[in-house]
Amino acid sequence: MSVIDDLVDEFARLPGIGRRTALRLTYFLLRSAPDDARRLARAIDAVAERVHPCSVCGNLTEEDPCRICASPQRDRSVICVVEEPSDIAAIEASGEYRGVYHVLGGRLSPLDGIGPDELAVTPLLDRVREGVAEVILATNPSVDGEATATYVHRVLAPLGVRVTRLARGLPVGGDLEYADGVTIAQALAGRREM
Amino acid sequence: MISGGNGQGKTNLLEAIYYLATFRSFRGARDEQLVRFGADFFRVEGQVGELMDAAAEHHTLSAAFHRVSGEKRVTVDGREALRLSEAVGRLPAVIFTGTDVGIARGAPGLRRRFLDVALSLARPAYLAALQQFRRALTQRNECLRRGSSAAEVEAWDEMLVTWGAVIVRDRARWVRDNADAFARHYAAISGSGPARLVYVSGWKDAGPEDDVEEWRRSYGAALERTRHADRLRRWTRVGPHRDDLAIELSDRTGARGEGLDLRVYGSGGEQRTAALALRLTEAEWLRGAMGCEPLALLDDVFGELDRQRVRRVLELLGSEGRGQVILSAAQPVDWAAEARDLLQVTVEGGRLRSAARVA
């Protein structure tokens, strides 16, 4: 095994990157200036060294608690529950949400051996017990994501907190013609009076 | 008409064509079993268009499966389909096989599969609901198998009920809407007494088939009732995955006046007739639902069916539409070819050899 092979193997472990792309990336780095490669290495090293989960919400952060949890402008009485830290970035990009977050770290999937104990459910209950007005369940609208929302809703019920679920339906600005069957079926099921 | 000796590749060719309809083997074989020995992958490509209308829209469908990576890639006009439901049904097709009698004679799973394939071809939303339901069911059963808490098991119930209700609503409606067509085809082929289709749900006897809310409510209640038994037996005992499409001989009745089950009381001939009638009903329904002629594939039905039945099928396919028919047979069957203007092809060692038009 040469160091070149090592790097190809490392690239190939990344999501969406096959063997061929891993080779292309490796040879691209070998052709470019040594400083370019070192800068990439430093950036990866810094991320591994300094980024960790927020001790309050589980968001990925360099500070602890994270910037959202520490901000005086955020409404701590509303918690938005998401599967992954990357979901926070998507919701933040909307600029519409002023509450705080809670990252579950995945979704229920018994087939993959992921039950409630593998997710950050207990820390969520602890946070809600400290006094929260509303919990918004923003897990993915997949079968597993919906089941996770149902489960979290059920364990929150005894605490008497208001629990809401993100609406699902047709993508705004999209063409009805190009929406897939599941989306249309769900949008029909969730239709409203006018 | 494709003819050739045993093991020369007749069924193989029809399987490849039908693969572009459902993206699965009609024999129920797994994708890796469809790859030629010694090869890493297979790829099928087809042009789909209206036979009688050259100006109509044409589509190119392709499917490729790589055995090592287990990756399946389906494209429509060169663009990769992100979901299978985008591509299923682009080629409306119905296949008649020598083993179809199993649908009438065999286990309920074969009849559910018949309904699932027919509905999926014409309704992408049905296929999507089926996939969602299967995911929820597998997860729920895994919870039961592991003996997980009630809250973990019941977390899957809402998805099971949501998609299960769509599935049974669509199936029950299909049976209601196609019962007459089935009875007509059955009578036309057999010339004997009538038979009828009944959708049998394990939890709801009758009622409005169209009301998805009612199905949802009754399925939820049924899951509630079997909750305890599910935990004991460690799997989900009630749902669309346990339903049946019953075929009743309605001219003969049992002690309580009910129609007699064809599986139990039907003769071999009646069962073969029922299977053929189901396929003809499927073809007719696809024609109506998709607004075009389905491609009819007849795989070696001549060994199983007598001359009169095959003739009747070809007449029905020929009289009701102008769709394309591809048949396979061990020997060129002259009298079958007479029924239609057929191109004769022989297949030997996996290669198509000659072509001659029989006037």
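Residues numbered from 1 in each chain as written. Chains lettered and ligands numbered in written order. Predicted model: local features only at pLDDT ≥ 70, side-chain atom pairs only at ≥ 80, totals over all residues. Heavy atoms only, no water.

Draft legend 1. Inspection of the confidence of the model for chain B at higher detail. All names here are of chain B. Counting all residues, the mean pLDDT for chain B is 87, and 90% of those residues have values of 70 or more. The secondary structure element of chain B with the lowest average pLDDT is helix H11 (residues 334-339), at 56, and the one with the highest is helix H5 (residues 150-154), at 95. For this predicted complex, the interface score ipTM comes out at 0.82, while the overall pTM is 0.87. (pLDDT = per-residue confidence, 0-100. Helix = DSSP H or I, 4+ residues; strand = E, 2+ residues; numbered from the N terminus.)

Draft legend 2. A look at the side chain of A:Glu134. All names here are of chain A. Secondary-structure assignment places glutamate 134 in strand S5 (residues 134-137). The class of glutamate 134 is buried, set by a relative accessible area of 15%. A distance of 2.8 Å separates a polar atom in the side chain of glutamate 134 from a polar atom in the side chain of threonine 164. In this structure glutamate 134 touches Ser77, Val78, Ile79, Val161, Arg162 and Thr164, once residues within four positions along its chain are discounted. (Buried < 20%, exposed > 50% of the residue type's maximum accessible area, 1.4 Å probe, protein only. Polar contact = N/O pair within 3.5 Å; in protein donor to acceptor, adjacent residues only side chain to side chain. Contact = heavy atoms within 4.5 Å.)

Draft legend 3. Here's a closer look at the environment of B:Thr22. Residues and elements named next belong to chain B. Positionally, threonine 22 belongs in helix H1 (residues 10-22). Taking the C-alpha atoms as reference, threonine 22 lies 9.1 Å from arginine 90; in sequence the two are 68 residues apart. Polar side-chain contacts of threonine 22 include one of 3.2 Å to the backbone oxygen of arginine 24.

Draft legend 4. How the structure looks around the sheet that holds S5(A). Residue and element names in this part refer to chain A. Overall, parallel pairing links the four strands, which are arranged S4-S3-S5-S6 in an open sheet. Each end of this open sheet is capped by a strand with a single partner; those strands are strand S4 (99-103) and strand S6 (162-165). Going across the sheet, the axis of each strand differs from the next one's by a mean of 25 degrees, ignoring polarity. Pairing geometry for S5 and S6, over four bridges, is parallel. Paired with leucine 137 across the two strands is arginine 165, which belongs to S6. (Pairing = 2+ DSSP bridges. Axes fitted to C-alpha atoms, helices over the stretch in contact; angles between N-to-C directions.)

Draft legend 5. Geometry of the sheet that holds strand S2 (residues 41-48) of chain B. Residues and elements named next belong to chain B. Across the sheet, four strands lie side by side as S2-S3-S4-S5; this open sheet has antiparallel pairing. Two strands bound the open sheet, and with one partner strand each, they are S2 and strand S5 (79-80). As judged from the eight bridges shared by S2 and strand S3 (residues 59-66), these two strands associate in the antiparallel manner. Looking at the pairing, phenylalanine 41 lines up with histidine 66 of S3. Across the face of the sheet, H1 comes into contact with S2, S3 and strand S4 (71-76) while running at roughly 75 degrees to S2.

Draft legend 6. Spatial organisation of the packing of aromatic side chains. Residue and element names in this part refer to chain B. For the structure shown, the criterion picks out 10 aromatic pairs over all chains. Measuring from ring centre to ring centre gives 6.3 Å for tyrosine 19 and phenylalanine 23, while their planes differ by 80 degrees; the resulting arrangement is edge-to-face. This pair shows no difference in class: tyrosine 19 is buried, exactly as phenylalanine 23 is. Geometrically, the ring pair formed by tryptophan 174 and tryptophan 285 is edge-to-face, given 6.0 Å between the ring centres and 75 degrees between the ring planes. Here the residue tryptophan 174 occupies a position in helix H6 (residues 157-190), and tryptophan 285 occupies one in helix H9 (residues 268-290), the gap between them amounting to 111 residues. For the pair formed by tryptophan 174 and tryptophan 285, the shared burial category is buried. These aromatic residues form a ring-pair network of at least three members: Tyr19, Phe23, Phe42 and Phe65. (Phe/Tyr/Trp six-rings, centres within 6.5 Å; stacked < 30°, edge-to-face > 60°.)

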